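# Residue-level structure breakdown
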Amino acid sequence: MTKNLVIVESPAKAKTIGGFLGSDFTVKSCMGHIADLSKKDLGVDVEKGFEPNYIVSPDKKKIVGELKKLAHDSDFIWLASDEDREGEAIAWHLMETLGLKKESTRRIAFHEITKTAILEAIANPRELDMNLVDAQQARRILDRLVGFELSPLLWKKIKPSLSAGRVQSVAVRLIVEREDEIRNFTAVSSYRISGDFVVHDGKKLKTLNAELNKRFQTKEEALNFLKQCMDVQYTVEDVETRPARKSPAPPFTTSTLQQEASRKLGFSVANTMRVAQELYESGKITYMRTDSVNLSDMAIAMAKKEVTATFGEEYVKTRKYATKTKGAQEAHEAIRPTYLSNKSIEGDRSGKRLYDLIWKRTIASQMADAELEKTNVTIGITGKTEKFVARGEVIRFDGFLKVYMESSDEDSTEGQEGVLPPLKTGEKLLLSIMTAQQKFTQQPYRYTEAALVKKLEELGIGRPSTYAPTISTIQKREYVVKEERPGVQRSYDFISLKDKKISEEVRNETVGNEKGKLFPTDIGGLVTGFLVQNFDNIMDYNFTATVEEEFDVIAEGKLAWKDMLKEFYFPFHEKIEGAMENTKRVKGEKLLGTDPATGLNIYVKIGRFGPMAQLGESDAEEKPRFSALKKGQSIDTISLEETLDLFKLPRVVGDFEGTEVLVSAGKFGPYVKHKSAFYSLPASDDPLSVNLARTIEIIELKRHADIKKVIREYPEDADIKVLNGRYGPYIAFKKENYKIPRGKTAADLTYDDVKAIMAANEPTKSKSKKKK
DNA sequence: CAGTGAGCGAGCTTCCGCTTGACTT
């Protein structure tokens, strides 16, 4: 019997495919890339024509060992990584790392996980496409060069530990520039005239809302118009109906799933991916990292059957969708339920809701258009050229709307969009009320996480597997924050005409209330400004698209990857060196005003540890005082008063047990200090006004909690304690912690038990010591 | 865990794209 080893990228895929193939096939997954550039240094020898230094990724050593063994015992090895640039490189790294021989190795690829597709792939193996591999190497090395040369420049010129890269820096730029647009935006107002008319519909009276086809720029004009309408007649001049159609949206890709889960379910991008991963691993949906809107023939057939059975034949319309996305590689199907006959699934609430969304979107994509009838009614006013217009929309055939309608990021348009009462040309209408409302132009929208993903995808920046990590990176680096910010009150004029009487009032509305939107931080703005000024090419929104074109030429075998890198790298590297030499440290320093108490100048700027305020001159004889800005404060928007408050800490609130009680603010927020012990101040207490009695209360509360925290202590060794932690009981010994094995009750542990556990186990690693 | 902000210098940070668990005090 011939032994075959098939290597795919994901374990869930391996399981499915294993079921399709006979017992002479072993299917294993390699878990994505197994090798990468060394992280110790640049990982690329620029002098030697960009020679890459690949090493097996530390977390893949084990799996590579297993694969080596399996490969050794097999007659044929089938490399079935994805059919795209990265997949080809994975196959090549497998070939090299496992030491596979050309004669016994086959490269196969499929775009959907169906039995037919797999068998067809096995019947049509090919050789590795080294041009495609070279395109991947160019992509990988370019990203490394950009990231590992730009980042150290930022450490030197702005702040340590910052980062920059082809994808993340442009993502931040989008947020920074949107905020600039909003800051520079001035709302312009105009007056919208709206009329409610009374219409007889059989025996019932109905209201018809119509809007004037002209807006007035000033209150006087609007008021004047209403006055002139006191003694006029309204006549229906035209009733126009026309048919319209709506088509369903294509099946989900990663990006559209993230957008709709955000809009309809309020999921963050990371949450969507976590839930989707669970659905995928349990076999409920197809692969969730995809840029393809394509459905397999089998899926379309399932959808057809499902729609026919549930809604009837007239609701079926099968469709093949084409991807329009820039740089799409289409190695997988669209995201869809594995079995469309499963309308719902078992599981937790998030999983059920996301599955429901995917099921509906997939089914709707294979359903008939909705047929609508749109009606426009024009109402004339005697002696006036302006007309009132009413719009209505009636669904004649719901089609896919029965199941699913895509949401939009923008607010829904105002006005009546339902059924209009029956109207005839020439019919006279009675006005019940006419209003003139001051309306303001809207500032540009801030990005949500999902809206940013959409924008990145449009620009061809990033891949389905990196959207969520990118969004998380730019927040982790504190370039942007996801926040809720309250809106501001704005007043507007509201004038009405009713029963030939005009009344004027000023009403209030809240505008600009933002929830879960991305805002740039001071650092984000500073880094973006610095990069745009010095590396305009990389920060250009078309940079990725431009290099992608070159990667494509490499993939076609018409350009050597090292030549491409040469063209890019040397001018880039020169700019790095130039900026290293010739630019000053970027501080964003701003003189805010003077302290009334001392007459000293107050500055705000970015220090080595982030945004800070400074009281006094840096070069003065008396050293200036410093204070870090609080979370949520920005050097752009902070006021002088808020800055002065920062210097009111630390303050002594009084004496307790013969020792001073101090209130201050540290890295982790405001705290109380007493006898070299620290007590966090709850958010409800204001560090500037909290009194001695309250701080004593806080101290005693913590002391009490600490007593409860200790489950056991031992007279034999005061350093050993059994404590109650966030994740249950554990053993604490100096700075080291030990897990308590299953089956043991913490309170019953004797000194000898504890000693035995400590001897038999390694202490748990703390995050501060070892990073992931 | 609880501020730091001069200057020196050791030793650290960092990219994008493929993939999952292991683990957190």
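For the structure itself, consult the block above.
This report concerns the structure included in the present document. (Residues numbered from 1 in each chain as written. Chains lettered and ligands numbered in written order. Predicted model: local features only at pLDDT ≥ 70, side-chain atom pairs only at ≥ 80, totals over all residues. Heavy atoms only, no water.)

## Overview of the packing of aromatic side chains
Per the counting criterion, the structure on display carries 18 aromatic pairs. Arranged with centres 6.0 Å apart and planes meeting at 85°, the rings of Tyr 54 and Trp 92 form a pair that is edge-to-face. Here Tyr 54 is found in strand β6 (residues 54-56), whereas its partner Trp 92 is found in helix α3 (residues 85-98), with 38 residues between them in sequence. Taking relative accessible area as the criterion, Tyr 54 reaches 23% and is therefore assigned partly exposed. Since its relative accessible area comes to 13%, Trp 92 is described here as buried. Relative to Phe 388, the ring of Tyr 234 has its centre 6.4 Å away and its plane inclined at 65°; by these criteria the two rings are edge-to-face. Of this pair, Tyr 234 sits in strand β11 (residues 234-246) while Phe 388 sits in strand β13 (residues 387-397), placing them 154 residues apart in sequence. Take Tyr 234 and Phe 388: they sit in the same class, and that class is buried. (Phe/Tyr/Trp six-rings, centres within 6.5 Å; stacked < 30°, edge-to-face > 60°. Helix = DSSP H or I, 4+ residues; strand = E, 2+ residues; numbered from the N terminus. Buried < 20%, exposed > 50% of the residue type's maximum accessible area, 1.4 Å probe, protein only.)

## Details of the sheet that holds strand β20 (residues 601-607)
Across the sheet, 4 strands lie side by side as β19-β20-β21-β22; this open sheet has antiparallel pairing. The open sheet has two free edges, formed respectively by β19 (590-594) and β22 (625-628), since each of these has just one partner strand. Strand-to-strand twist in this sheet, taken as the mean axis angle between neighbours without regard to direction, amounts to 25°. Strand direction decides the pairing type here: β20 and strand β21 (residues 610-615), joined by 6 bridges, are antiparallel. Looking across to β21, one finds that Tyr 603 is bridged to Gln 614. (Pairing = 2+ DSSP bridges. Axes fitted to C-alpha atoms, helices over the stretch in contact; angles between N-to-C directions.)

## Here's the deal with the sheet that holds strand β7 (residues 76-79)
One open sheet accounts for 4 strands, arranged β2-β1-β7-β8; its pairing is parallel. Of all the strands in the sheet, the pair left with one neighbour each is β2 (25-29) and β8 (105-107). Along the sheet, successive strands turn relative to each other by an average axial angle of 20°, direction set aside. Together, β1 (4-8), β2 and β7 form the strand contacts of helix α2 (residues 61-72), whose direction differs from that of β2 by roughly 165°. (Contact = heavy atoms within 4.5 Å.)

## Topic: helix α11 (residues 349-364)
For α11, with 16 residues, the first-to-last C-alpha span of 22 Å sits near the 22 Å given by 1.5 Å per residue. Residues of α11 that are buried include every one of Gly 351, Leu 354, Tyr 355, Leu 357, Ile 358, Trp 359, Arg 361, Thr 362, Ile 363 and Ala 364, and no others. Of the surrounding elements, those touching the buried residues of α11 are α8 (254-265), α9 (269-281) and α10 (297-311). (Expected span 1.5 Å × (residues − 1).)

## Some thoughts on the environment of Phe 252
Looking at the secondary structure, you find Phe 252 in the loop between β11 and α8. When the C-alpha positions of Phe 252 and Ser 292 are compared, they lie 8.2 Å apart, and in sequence the two are 40 residues distant. If sequence neighbours within four positions are ignored, Phe 252 has contacts with Leu 257, Glu 260, Ser 292, Ala 334, Ile 335, Leu 357, Ile 358, Arg 361 and Tyr 404.

## Focus: unusual backbone geometry
In this model, Leu 649 is joined to Pro 650 through a cis peptide bond whose omega is -5°. Considering the arrangement of structural elements, one finds Pro 650 in the loop between α18 (640-646) and β23 (651-656). The phi dihedral of Asp 499 is positive, around 50°, even though this residue is not glycine. Take Asp 499: it is sitting in the loop between β16 (488-498) and β17 (501-511). At Lys 500, a residue that is not glycine, the phi angle is positive and equals roughly 60°.

## Focus: the nonpolar core
Among the nonpolar cores identified, the biggest contains 111 residues, and Leu 150, Leu 154, Ile 285, Leu 354, Leu 452 and Leu 531 are the most heavily contacted of them. No other element matches helix α5 (residues 130-157), which puts 9 residues into this core. Counting 28 residues, the second-largest nonpolar core is a separate cluster that includes Tyr 191, Val 199, Ala 222 and Tyr 234. (Core = buried A, V, L, I, M, F, W, Y, C linked by side-chain atoms within 4.5 Å.)

## Notes on empty space enclosed by the protein
Per the counting criterion, the structure on display carries 1 cavity of 30 Å³ or more. Of the voids in this model, the largest cavity is the one considered here, and its volume is about 40 Å³. Those elements giving two or more residues to the lining of the largest cavity turn out to be α6 (168-183) and α14 (522-534). The class makeup of the residues in the lining of the largest cavity is 5 nonpolar, 4 polar and no charged. (1 Å grid on protein atoms, 1.4 Å probe; cavity = no way out; pocket = protein on both sides within 12 Å on 5 of 7 lines; lining within 4 Å. Points joined across faces, edges and corners; volume = space filled by probe spheres on them. Nonpolar A, V, L, I, M, F, W, Y, C, P; charged D, E, K, R; others polar.)

## So, the pairing of strand β14 (residues 428-440)
Summarising the sheet, strand β9 (residues 189-201) and β14 pair through 10 bridges and their orientation is antiparallel. When the bridges of β14 are listed, Val 198 appears paired with Leu 430. In this structure, β11 lies alongside β14, joined through 2 bridges in antiparallel fashion. Across the sheet, the residue bridging to Thr 235 is Lys 428, located in β14. Here β14 pairs with β16 via 4 bridges, running antiparallel. Within β16, the residue paired with Met 434 across the bridge is Leu 497.

## Considering the pattern of salt bridges
Within this structure, the stated rule accounts for 53 salt bridges. With a shortest N-O distance of 3.0 Å, Glu 657 and Lys 675 are connected by a salt bridge. Here Glu 657 is found in the loop between β23 and β24 (659-666), whereas its partner Lys 675 is found in the loop between β25 (669-674) and β26 (677-680), with 18 residues between them in sequence. One connected set of salt bridges, linked through shared partners, spans Glu 83, Glu 88, Arg 107 and Arg 126. (Salt bridge = Lys/Arg side-chain N within 4 Å of Asp/Glu carboxyl O.)

## Here we look at helix α12 (residues 449-458)
In terms of burial, α12 is largely enclosed, as 7 of its 10 residues are buried. Along α12, the residues classified as buried are Glu 449, Ala 450, Ala 451, Leu 452, Val 453, Leu 456 and Glu 457. The secondary structure elements touched by the buried residues of α12 are α6, α8, α9, α13 (467-476), β15 (480-485) and β18 (514-520). Downstream of α12 by a residue or two, Gly 460 has a phi angle that is positive, lying close to 75°.

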